Amino acid sequence: MNGKRMAGAIAGGLVAGLGITAMMLAGERKSGTPSELTDLERAGVRQLGVRAVPPSDRLPDATEQVVVQGSHLLLSAAAGAVYAATVDEDAGVVSSGIVFGLAFYAAMHWITGPLLGLKKPEWQADAATIGTHTMVHLVFGVATAAGAKAAANA
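> How should the overall build of the protein chain be read in this particular structure?
On a plain count of helices and strands, the protein chain comes out with five helices and zero strands. Shown N-terminal to C-terminal, the secondary structure of the protein chain runs as helices and strands in the order α-α-α-α-α. Over its C-alpha trace the protein chain gives a radius of gyration of 16 Å, about what one expects of a compact globule, namely 15 Å for 154 residues. A principal-axis box enclosing the C-alpha atoms of the protein chain has dimensions of 50 × 30 × 30 Å. Counting every position in the protein chain, which comprises 154 residues, the buried fraction comes to 38%. For the protein chain, the share of sequence-separated contacts (at least 6 apart) that also reach a separation of at least 24 residues comes to 73%. As displayed, the protein chain has an accessible area near 8,200 Å², and 70% of this comes from carbon and sulfur atoms. Charge centroids of the protein chain, computed over 11 positive and 12 negative side chains, lie 3 Å from each other.

> What should I look at first to understand the nonpolar core in this one?
It is characteristic of soluble globular proteins that their nonpolar side chains tend to be buried jointly. By size, the foremost hydrophobic cluster in this structure holds 17 residues, and its most contacted members are Ala9, Ile20, Ala79, Tyr83, Phe100 and Phe140. Sorting elements by how many residues they give to this core places helix α1 (residues 3–31) first, with five residues.

> What is the right way to read the confidence of the model for the protein chain from this model?
Regions with low pLDDT carry predicted coordinates that are not meant to be interpreted in detail. With 100% of its residues at a pLDDT of 70 or more, the protein chain has an overall mean of 95. When mean pLDDT is taken per element in the protein chain, helix α4 (residues 93–115) scores highest with 97 and helix α2 (residues 36–48) scores lowest with 93.

> Which parts of the structure should I look at to understand the side chain of Glu41?
Structurally, the position occupied by Glu41 is in helix α2. What makes Glu41 buried here is its relative accessible area of 12%. A polar atom in the side chain of Glu41 sits 2.4 Å from the side chain of Arg51. In contact with Glu41, not counting residues within four places along its chain, are Arg51, Glu64, Val67 and Val68.

Parameters and conventions
Residues numbered from 1 in each chain as written. Predicted model: local features only at pLDDT ≥ 70, side-chain atom pairs only at ≥ 80, totals over all residues. Heavy atoms only, no water. Helix = DSSP H or I, 4+ residues; strand = E, 2+ residues; numbered from the N terminus. Rg over C-alpha atoms; globule rule 2.2 N^0.38 Å. Buried < 20%, exposed > 50% of the residue type's maximum accessible area, 1.4 Å probe, protein only. Contact = heavy atoms within 4.5 Å. Areas by Shrake-Rupley, 256 points an atom, 1.4 Å probe, with all protein chains shown as cover. Lys, Arg positive; Asp, Glu negative; His and termini not counted. Charge placed at Lys NZ, Arg CZ, Asp CG, Glu CD. Core = buried A, V, L, I, M, F, W, Y, C linked by side-chain atoms within 4.5 Å. pLDDT = per-residue confidence, 0-100. Polar contact = N/O pair within 3.5 Å; in protein donor to acceptor, adjacent residues only side chain to side chain.

In structure tokens:
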């Protein structure tokens, strides 16, 4: 396995994850309501019973935000590592990024989140939500693929 490619895929995933984090934080500030990431974290905390969960309409405080966004960035880095480990080095950036982004979206939103009871099944979401999630994960996949390719060729 090419270590530079792995590091690049992780970096690409982190860059895309940071972009998504910035969008989520801006959305929270603009709307005054918690982001989907905050809702997912609170659902997990409820299931684990590790601490009290704030009211669903309250924005996360700084400590909760660190947990929410830190977890999201760890997942982004892990996804980058999965990309590097599973996608052929000769694969095209756009094609492999699109396939990976869609697969990651399906795995997280259509399968894992609902199975763990962290979110409603994606098929119950409206078209705008599905479209947004699809686009965000496509960009995530291509950024991850681009990071892997750039690092491998450096």
